[in-house]
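Letter by letter, the chains look like this.
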Amino acid sequence: MQHPIVVVSADEQHCLELCDALEGEDYSIQLLDSLEHLARGIKGCNCRLAILDLDSLPVDNRLIKKLKRKNPSLRIIGFSSRSFHPELQEAMSSYIYACLGTPVDEEELVFWVKSSLEA
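A brief look at the structure comes next. Not measured: the values here are computed from a predicted model. (Residues numbered from 1 in each chain as written. Predicted model: local features only at pLDDT ≥ 70, side-chain atom pairs only at ≥ 80, totals over all residues. Heavy atoms only, no water.)

### Let's talk about the overall build of the protein chain
In terms of helices and strands, the protein chain carries five helices and five strands. Across the protein chain, helices and strands are ordered from the amino to the carboxyl terminus as β-α-β-α-β-α-β-α-β-α. For 119 residues, the compact-globule estimate of 2.2 N^0.38 gives 14 Å, and the C-alpha radius of gyration of the protein chain, at 13 Å, lies within 12% of that figure. Taking the principal axes of the C-alpha coordinates as reference, the protein chain spans close to 35 × 30 × 25 Å. Expressed as a percentage of the 119 residues in the protein chain, the buried residues total 42%. Long-range contacts, defined here as pairs at least 24 residues apart, represent 70% of the contacts in the protein chain between residues at least 6 apart. Surface summary for the protein chain: the accessible area is close to 6,700 Å², and the carbon and sulfur share equals 48%. A distance of 16 Å separates the average location of the 12 positive side-chain charges in the protein chain from that of its 19 negative side-chain charges. (Helix = DSSP H or I, 4+ residues; strand = E, 2+ residues; numbered from the N terminus. Rg over C-alpha atoms; globule rule 2.2 N^0.38 Å. Buried < 20%, exposed > 50% of the residue type's maximum accessible area, 1.4 Å probe, protein only. Contact = heavy atoms within 4.5 Å. Areas by Shrake-Rupley, 256 points an atom, 1.4 Å probe, with all protein chains shown as cover. Lys, Arg positive; Asp, Glu negative; His and termini not counted. Charge placed at Lys NZ, Arg CZ, Asp CG, Glu CD.)

What follows is the structure in structure tokens.
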């Protein structure tokens with residue numbers, strides 16, 4: 001089993017789609033339904049990647065910055081149906097490793113997950 005990945009979305013269907021896309025890749029995936037659970041979920045584990053649903057969660061620059069400050073080696077991949085997030089401008093340029101559109105393309109997701117864990 002490779003590095004654990006945390007998938008956070010209030011939309012259960014999105015979580016299941018992401019898990020299906022990563023199913024054959026031998027990753028340990030932890031599903032969470034809120035940002036509150038994220039802070040507790042990555043504490044004490046060797047999680048190296050968090051995949052966040054930017055549409056269903058109240059994500060802002062401050063939250064992403066705090067998350068990275070507490071977990072400097074954590075990579076963050078976002079996914080969203082929107083192509084522009086003015087409220088996340090700083091986070092997108094400094095802290096979010098990649099942002100994917102929805103519906104998530106499985107090949108693109110696997111590429112970015114592998115890339116983020118190798119970096």
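### Overview of the environment of E25
Considering the arrangement of structural elements, one finds E25 in the loop between helix 1 (12–22) and strand 2 (28–32). Residue class for E25 comes out partly exposed when judged on its relative accessible area of 24%. Considered as a pair, E25 and V110 are 85 residues apart in the sequence and their alpha carbons are 8.1 Å apart. A distance of 3.3 Å separates a polar atom in the side chain of E25 from a polar atom in the side chain of K114. (Polar contact = N/O pair within 3.5 Å; in protein donor to acceptor, adjacent residues only side chain to side chain.)

### Digging into the environment of G78
By the element assignment, G78 lies in strand 4 (residues 75–80). Using a relative accessible area of 0% as the deciding quantity, one classes G78 as buried. With 24 residues separating them along the chain, G78 and L54 place their C-alpha atoms 6.1 Å apart. In contact with G78, not counting residues within four places along its chain, are L52, L54, I96, A98, C99 and L100.

### Digging into a negative patch on the surface
Taken together, the side chains of D11, E12, E17, D20, E23, D105, E106, E107 and E108 define an acidic patch exposed on the protein surface. Those elements that place two or more of their residues in the negative patch are helix 1 and helix 5 (106–118). The topology assignment puts E107 in helix 5. Judged by its relative accessible area of 68%, E107 falls in the exposed class. (Patch = residues over 30% accessible without salt bridge, like charges linked within 9 Å, V, L, I, M, F, W, Y side chains within 5 Å. Salt bridge = Lys/Arg side-chain N within 4 Å of Asp/Glu carboxyl O.)

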